[in-house]
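Below, each chain spelled out in residue letters.
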Amino acid sequence: MPTITALFRHPVKGFTPESCERLVVRPDGRVAGDRVLAFRFSDAVRPEQRDGRDYWPKRRGLSLMDFPTLAGLRLAFDEDGGRVRIERAGRMLVDADLDESGRRDLESAVTDYLLSGPDARRLRADGVLPIRLVGDGRTPRFQDRAPGYVSLHGADSVAAVGTTTDAPIDDRRFRSNIVIGGTVAWEELTWTDEVRIGEVRFAVVGPIERCTAIMAHPDTGERDAPLLRLLVSEFGQAAPTLGILLLPVDGGGTVRVGDPVVPAG
């Protein structure tokens with residue numbers, strides 16, 4: 001039987017994943033503590049609207065899609081204390097609270113880091129600087145899609161991708177919330193109805209079409225693998241796809257590493 005082998009949340013959009021033993025799925029489909037903060041461009045500190053929901057398009061903020069060198073930073077978020085620490089190669093860049101002064105320190109440190117590297121040119125476009133850190137540190141709201149969704153992929157699907165390149169490929173590249181084992185490669189893409197994971201029943205919304213974020217090495221930020229092309233050319237996909245999107249059917253709940261994963265039918 002398939003089971004959960006790893007769980008992740010990403011407290012700050014585009015930065016270090018946090019490995020967890022359990023995740024709380026809220027009734028609205030978002031994971032508690034996931035994407036509760038984001039660094040946004042100066043002209044995008046208010047949400048847009050899509051289908052009656054707040055929507056924060058990732059192209060108007062810092063994300064691995066356009067700023068792959070973010071992966072070279074190690075970020076830790078103390079949710080209880082409301083404090084963010086960012087390191088680079090073992091050296092502390094900033095350690096600050098989420099008050100106004102601390103946010104300015106965090107914004108300056110991340111901006112200086114990006115300006116010193118190959119992603120600097122992207123910061124110089126109109127409406128980008130100054131970068132602003134937004135979010136209350138509690139409410140998950142900066143997912144790539146307006147409804148939020150929980151993301152899931154199979155470890156064997158990632159392993160299959162790894163056979164197509166010499167670059168190291170692991171689950172972190174795909175930034176899913178739930179990683180499962182005990183399936184064959186791409187099996188999760190055949191699930192089209194519902195799946196029960198531990199105590200939570202989910203509707204399967206559809207597959208995840210991937211962006212250039214997966215091409216960035218999760219430790220160095222180097223774009224070291226043409227995974228978008230390889231997903232299409234090596235696996236016969238019409239669009240580069242890995243993983244599925246889920247929404248809770250009956251109010252959410254908690255999922256844990258080791259929980260069984262039971263697709264409908």
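What this report covers is the structure whose coordinates are included nearby. (Residues numbered from 1 in each chain as written. Predicted model: local features only at pLDDT ≥ 70, side-chain atom pairs only at ≥ 80, totals over all residues. Heavy atoms only, no water.)

Think of a sheet as strands paired side by side through backbone hydrogen bonds, with each pair either parallel or antiparallel. Across the sheet, which stays open at both edges, the three strands sit in the order β7-β8-β9 with antiparallel pairing between neighbours. The open sheet has two edge strands with one neighbour each: β7 (73–78) and β9 (91–97). Going from strand to strand, the sheet's axes swing by 15° on average, the running direction of each strand aside. When β7 meets strand β8 (residues 83–88), the two strands line up antiparallel, connected through six bridges. Counterpart to F77 in the pairing with β8 is V84. Running over the sheet, helix α1 (residues 100–115) touches β7, β8 and β9 and is turned about 155° from β9. (Pairing = 2+ DSSP bridges. Helix = DSSP H or I, 4+ residues; strand = E, 2+ residues; numbered from the N terminus. Axes fitted to C-alpha atoms, helices over the stretch in contact; angles between N-to-C directions. Contact = heavy atoms within 4.5 Å.)

This paragraph deals with empty space enclosed by the protein. Per the stated rule, a full pass over the model turns up two cavities of 30 Å³ or more. Considered as a void within the structure, the largest cavity measures approximately 120 Å³ in volume. Lining the largest cavity we find 15 residues, and of these L64, A71, R172, R175 and P218 sit closest to its centre. Within the lining of the largest cavity, the residues separate by chemical class into eight nonpolar, three polar and four charged. Roughly 60 Å³ of volume is contained in the second largest cavity. (1 Å grid on protein atoms, 1.4 Å probe; cavity = no way out; pocket = protein on both sides within 12 Å on 5 of 7 lines; lining within 4 Å. Points joined across faces, edges and corners; volume = space filled by probe spheres on them. Nonpolar A, V, L, I, M, F, W, Y, C, P; charged D, E, K, R; others polar.)

Shape is all these values report; function is a separate question.
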